[in-house]
Amino acid sequence: MPVEDDETLREILESNAETIAVVGCSRTPGKAAHDVPKYLQDNGYEVIPVNPNADEVLGRRTVDSLTDVEEEIDLVCVFRPSDEVSGIVDAALERDDADVIWTQKGIRDDDAAARAEAEGRTVVQDRCMMVEHRRLFA
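Let me sum up the structure you'll find in this document. (Residues numbered from 1 in each chain as written. Predicted model: local features only at pLDDT ≥ 70, side-chain atom pairs only at ≥ 80, totals over all residues. Heavy atoms only, no water.)

**Points about helix 4 (residues 110–118)**
A112, A113 and A116 are the residues of helix 4 that are buried. Mapping the buried residues of helix 4 onto a view down its axis gives an arc of 100°, with all of them on the same face. The exposed set on the far side of helix 4, more than 90 degrees from its buried face, consists of D111 and A118. Looking at the buried positions of helix 4, the neighbouring elements they touch are helix 3 (85–93), strand 6 (100–103) and strand 7 (122–124). A side-chain oxygen of the first residue of helix 4 lies 3.1 Å from the backbone nitrogen of D111; this N-cap is D109. Looking one or two places after helix 4, you find G120, whose phi comes out positive at around 85°. (Buried < 20%, exposed > 50% of the residue type's maximum accessible area, 1.4 Å probe, protein only. Helix = DSSP H or I, 4+ residues; strand = E, 2+ residues; numbered from the N terminus. Arc of directions from axis to C-beta. Contact = heavy atoms within 4.5 Å. Polar contact = N/O pair within 3.5 Å; in protein donor to acceptor, adjacent residues only side chain to side chain.)

**Some details on the pairing of strand 1 (residues 19–23)**
With five of five residues buried, strand 1 lies mostly within the body of the structure. Taking every second residue as pointing to the same face, both faces of strand 1 are buried, with T19, A21 and V23 on one and I20 and V22 on the other. What joins strand 1 to strand 2 (residues 46–50) is helix 2 (residues 32–42), and the crossover it makes is right-handed. Note that strand 1 and strand 5 (residues 75–78) share four bridges and pair parallel. Considered in strand 5, the bridge of A21 is made with V76. (Right-handed = clockwise from strand over helix to strand, strands pointing away. Pairing = 2+ DSSP bridges.)

**Points about the packing of aromatic side chains**
Any two aromatic rings considered together are summarised by their centre-to-centre distance and by the angle between their planes. Summed over the entire model, instances satisfying the criterion amount to zero aromatic pairs. Lying across the ring of F137, R10 places its NZ or CZ 5.6 Å from the centre. (Phe/Tyr/Trp six-rings, centres within 6.5 Å; stacked < 30°, edge-to-face > 60°. Lys NZ or Arg CZ within 6 Å of the ring centre and 35° of its normal.)

**Some remarks on the packing of helix 3 against helix 4**
Contact pair helix 3 / helix 4: the axes reach a minimum separation of 9 Å and the direction vectors enclose 10°. In terms of axis orientation, helix 3 runs roughly parallel to helix 4. Residues V85, S86, V89, D90 and L93 of helix 3 lie in contact with helix 4, whose contacting residues are A112, R115 and A116. Taken together, the residues of the contact of helix 3 with helix 4 break down into five nonpolar, one polar and two charged. (Axes fitted to C-alpha atoms, helices over the stretch in contact; angles between N-to-C directions. Parallel < 35°, antiparallel > 145°, perpendicular 65-115°, else oblique. Nonpolar A, V, L, I, M, F, W, Y, C, P; charged D, E, K, R; others polar.)

In structure tokens:
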């Protein structure tokens, strides 16, 4: 069952998410897929932008997909439509890292979440990381 309780969310944001791969990270200020990763970066998280249509986002070179991320990642943050979540989860499950998969507000795939949880991953669905961070740490 996806994470819902504040204690687990706090634990994820405090100690389980130093390096975050943001799938669908946008280079356009004003879009949530840009502003949320910028907020996370400004609050001490290492953000790896995953966007095949940009060369650089938030001052970092982008990668085309999760499989192209060379760094070890703690969390996969998803800013893609719900119908793309299954493939993103599959890519995350191919990695030995990425212990947490977090889909942003309005994004969910219960079947993909169940697959990830069956593989021992923690899943947060349909919640904004920035909103949760501000709420829990303000």
